[in-house]
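Tertiary structure, described
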Amino acid sequence: MNTSADAAELRAALRTVAEPGTLLEAEADTAPFLLDQRRQYQGRALAVALPRSVAEVSRLLAWCNARHVGVVPQGGNTGYCGGATPDESGRQLVIGLQRLNRIRAIDAADYAMTIEAGCLLAQAQRAAAEAGRFFPLELGSAGSCQIGGNLATNAGGLNVLRFGMARDLALGIEAVLPDGRVIQHLRSLRKDNTGYDLRGLLIGSEGTLGIITAATLKLWPQLRSTATALAAVPNAAAAVSLLARLRTLAAERLNSYELLPRAALDLVIRHIEAVADPLGARHDWYVLCELSSFAIEPLDALLEQILGDAMAAGEVLDAALAPSERARTNLWRLRENVPEAQRRAGPSLKHDISVPVARLPEFIAQAAAWVQEQVPEGTLIAYGHAGDGNLHFNISFLRGTAAALVAAQEPLIRRAIHDLVAAHGGSFSAEHGIGRLKVGELERYASSAEMATMREIKRALDPNGIMNPGKVLAAG
Ligand code: FAD
Ligand code: 2HG
Ligand code: ZN
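Just so you know, these numbers come straight off a predicted model, no measurement behind them.

**Concerning the overall build of the protein chain**
If you tally the helices and strands in the protein chain, you get 16 helices and 19 strands. By the compact-globule yardstick of 23 Å for 476 residues, the protein chain fits well, its C-alpha radius of gyration being 23 Å. In terms of principal-axis extent, the alpha carbons of the protein chain reach across some 70 × 55 × 45 Å. The buried share of the protein chain, reckoned over its 476 residues, is 51%. Pairs at least 24 apart in sequence give 75% of the contacts found in the protein chain among residues at least 6 apart. Here the protein chain has roughly 20,100 Å² of accessible surface; of this, 52% comes from carbon and sulfur atoms.

Structure below.
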């Protein structure tokens, strides 16, 4: 049992390890670090440390390891699974990476850049653009999430179809292990088969194996042509056929393919300023698709042609191409604001699922029928990155619905949806990770061999169990 006297002693000792100005201890200063983005977890902490160097991260971790003090790495705190929030004990140290935010090097000729973990994703995108290059990771949270957090969660987002997830975009990594040792493998090599893939292991480990302090990221040439359209489709099956058509005819130029039900559009139009439906009539389903090219190409004409053919085949009911950059931004505002509109609309339940693309229509039909029958007071907002099989199968409740009422239904709804996902060969966590929220789900759906291997990896790298205890794997 830890007493507050222990905490006071630990805090005093910590002050001798941290650089002046690194530790935040006052309640007003630490408060933003103790509440998760969705306001589902409110933690307490020994202190919040904002180190300025890798050497300081290393000293802090070695100190915590020697005293068995839990460490919670935190990036932009935009994660959806409570992974960056400390527990309620008041004995864990939150380490925020925001001051480690230098662009260390950009090598345009090598199509690579090395940047520190605390760089915002938007900052990384800008730095690449200023060097005449393109960094393709794109999330609605780009202005507040950090590269370290993106790698720690193996974030997905809007361009996965063409460029892959965060893990696919990283060539090298620098990370501090729980005992303070630093792994520095910041190479920009495309070919490097030197032993186990520690980079791949640390990416997606959600702060449970070490702290990522920097990464070498892949860059691409700048995009020189883009074409974006919102297309109304009769149903999810038509959306999947249209996807196949686009992949055949536009090939690698298809970078985004997002599915939106009318209910999602309605939420955005109701709750977000200055957005409008570019199509006249109402439809049940929409697809926001984007083609892009590194060359100057007539992509608008190509997209128009493909959508025209799809319309003739009955796959598309109506479509609006963005005639300008401004119109393109407006189309993306409709999509990127769904989470914010849903937040403003009232309480919601989120399910970040994926199934093989071909099974999306059947999954949607079965899961939607279940929701309609069992949760008649909820509105299904099933939207997202359909091009890679990932849907945010969310249920919104009217503002004013008691949180306790939603929470009481949550386990039953989660079980039904996740079991159906499993039956369709899918994943209950496509891109948001496990964090604290889905520890039980991982135990339920992963095989015993997988769970045992994950526990062995955890024990090998973090024998004292200090790194983000209780996240991904149950504590202990
Ligand atoms: P945090 O939330 O701070 O942390 C997330 C996890 O990573 C925690 O477990 C934390 O301990 C760990 N961590 C953070 N930094 C480090 C580090 N340097 N070293 C080790 N561990 C670390 N996610 C998607 O995948 N796709 C989307 O399309 C998407 N869209 C979003 C849109 C909105 C509006 C919002 C609010 C969120 C969205 N997200 C999306 C979720 C979120 O932005 C991502 O998970 C993001 O990668 C988290 O980054 P972060 O810096 O905020 O990390
Ligand atoms: C997105 O794709 C995010 O916009 C948010 O991943 C998902 O609202 C959600 O559940
Ligand atoms: Zn998403």
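On we go.
**Quick look at the site of ligand 1**
If you check the shell around ligand 1, you find 35 residues, and the closest are P73, G75, T78, G79 and S141. Take G207: an N or O atom from its main chain is 3.5 Å from a nitrogen atom of ligand 1. Examining the composition of the shell around ligand 1, we find that five residues originate from one element, helix α5 (residues 147-153), more than from any other. Across the shell around ligand 1, the residue classes tally to 11 nonpolar, 22 polar and two charged.

**Things to note about helix α3 (residues 54-67)**
The end-to-end C-alpha distance of α3 is 20 Å, a good match for the 20 Å that 14 residues give at a rise of 1.5 Å each. For α3, the complete set of buried residues consists of V54, E56, V57, S58, L60, L61, W63, C64 and N65. H68 sits one or two residues past α3 and shows a positive phi near 55 degrees.

**Topic: the nonpolar core**
By size, the foremost hydrophobic cluster in this structure holds 46 residues, and its most contacted members are L242, L246, Y257, F363 and F393. Within the residue set of this core, elements represented by two or more residues are β12 (225-233), α8 (236-249), β13 (254-261), β14 (285-293), α10 (299-312), α13 (360-374), β19 (390-396) and α14 (403-423). Of the residues forming this core, the biggest block, seven residues, is contributed by α8. When sequence neighbours within four positions are dropped, the list of residues in contact with F393 reads L349, K350, H351, I353, F363, A367, A368, V371, L380, I381, A382 and I417.

**Some points on the site of ligand 2**
As a structural note, the neighbourhood of ligand 2 is formed by Y80, R335, P339, K350, Y383, H385, H392, N394, E431 and H432. The separation between an oxygen atom of ligand 2 and a polar side-chain atom of K350 is 2.7 Å. In the environment of ligand 2, an oxygen atom lies 3.0 Å from a nitrogen or oxygen atom belonging to the side chain of H385. Burial of ligand 2 by the protein amounts to 89% of the accessible area it has alone, namely 300 Å². Considered class by class, the residues forming the shell around ligand 2 number three nonpolar, four polar and three charged.

**Notes on the sheet that holds strand β6 (residues 112-116)**
Spatially, the five strands line up as an open sheet ordered β5-β6-β10-β8-β9, and their pairing is antiparallel. Among the strands making up the open sheet, the edge pair consists of β5 (103-107) and β9 (182-185). Here the strands of the sheet are splayed against their neighbours by 15 degrees on average, with no regard to which way each runs. Pairing of β5 with β6, which is carried by four bridges, proceeds in the antiparallel orientation. Within β6, the position partnered with A105 by the bridge is T114. Running over the sheet, α3 touches β5, β8 (170-176), β9 and β10 (211-218) and is turned about 50 degrees from β8. Of the strands in this sheet, β5 and β6 are in contact with helix α4 (residues 121-130), which crosses β5 at around 35 degrees.

What counts, and where the lines are drawn
- Residues numbered from 1 in each chain as written.
- Chains lettered and ligands numbered in written order.
- Predicted model: local features only at pLDDT ≥ 70, side-chain atom pairs only at ≥ 80, totals over all residues.
- Heavy atoms only, no water.
- Helix = DSSP H or I, 4+ residues; strand = E, 2+ residues; numbered from the N terminus.
- Rg over C-alpha atoms; globule rule 2.2 N^0.38 Å.
- Buried < 20%, exposed > 50% of the residue type's maximum accessible area, 1.4 Å probe, protein only.
- Contact = heavy atoms within 4.5 Å.
- Areas by Shrake-Rupley, 256 points an atom, 1.4 Å probe, with all protein chains shown as cover.
- Near = heavy atom within 4 Å.
- Polar contact = N/O pair within 3.5 Å; in protein donor to acceptor, adjacent residues only side chain to side chain.
- Nonpolar A, V, L, I, M, F, W, Y, C, P; charged D, E, K, R; others polar.
- Expected span 1.5 Å × (residues − 1).
- Core = buried A, V, L, I, M, F, W, Y, C linked by side-chain atoms within 4.5 Å.
- Pairing = 2+ DSSP bridges.
- Axes fitted to C-alpha atoms, helices over the stretch in contact; angles between N-to-C directions.

Read these as layout, nothing more, since geometry by itself doesn't imply function.
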